[in-house]
Amino acid sequence: MRRITYAGENVLTTDDVARLLVELTAELAKRGEAAAVRIPIDPEGTAELVVGLGNDVLSVPVTRDGDDPDFDSSELEAHLQRVRPTPERHLRAVEGTDGSDDGYDPDYDISEA
């Protein structure tokens with residue numbers, strides 16, 4: 001289990017949910033964005049947070065008796081996959097998507113113009 005501290009409040013969630021939340025927060029911050037997310041918390045319930053740029057999330061381990069709850073982290077995982085860069089997205093951004101010639105010539109020498 002992990003204790004998430006956000007806006008002066010503490011909630012408990014599973015290791016997987018906490019890891020995904022921290023990764024999503026970092027990825028959104030890198031992009032200069034923020035997003036609202038809902039995470040499962042213990043005892044049974046959910047918390048809604050705005051994560052990303054300007055939103056600090058602290059995750060620390062917590063020891064407790066009993067089994068950890070079996071939280072579904074698929075919604076958070078899907079959100080992270082939508083914002084995390086993939087090799088295909090990076091190539092499209094670098095190479096362009098339509099293949100048209102935009103007039104850019106990397107060998108153009110401005111001194112010859």
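Residues numbered from 1 in each chain as written. Predicted model: local features only at pLDDT ≥ 70, side-chain atom pairs only at ≥ 80, totals over all residues. Heavy atoms only, no water.

Student: If you had to explain the pairing of strand 3 (residues 34-41) to someone new, which residues and values would you point to?
Tutor: Inspection of the sheet shows strand 3 paired to strand 4 (residues 45-52) by eight bridges, in the antiparallel sense. Across the sheet, valine 37 pairs through a bridge with leucine 49, a residue of strand 4. Joining the antiparallel neighbours strand 3 and strand 4 is a turn of three residues. (Pairing = 2+ DSSP bridges. Helix = DSSP H or I, 4+ residues; strand = E, 2+ residues; numbered from the N terminus.)

Student: For unusual backbone geometry, give the residues involved together with the corresponding values.
Tutor: Between aspartate 42 and proline 43 the backbone carries a cis peptide bond, its omega angle lying at 0°. One non-glycine residue with positive phi stands out, namely alanine 7, at about 50°. Relative accessible area serves as the criterion here: at 68%, alanine 7 is assigned to the exposed category. (Buried < 20%, exposed > 50% of the residue type's maximum accessible area, 1.4 Å probe, protein only.)

Student: Outline the sheet that holds strand 5 (residues 58-61), listing residues and values.
Tutor: Judged by pairing direction, the sheet is antiparallel, and its three strands sit side by side in the order 2-1-5 without closing on themselves. Each end of this open sheet is capped by a strand with a single partner; those strands are strand 2 (9-13) and strand 5. The sheet shows a mean angle of 25° between the axes of neighbouring strands, taken without regard to direction. Relative to strand 5, strand 1 (residues 2-6) is paired through four bridges, and the arrangement is antiparallel. Each bridged residue has a counterpart across the sheet, and for threonine 5 the counterpart in strand 5 is leucine 58. (Axes fitted to C-alpha atoms, helices over the stretch in contact; angles between N-to-C directions.)

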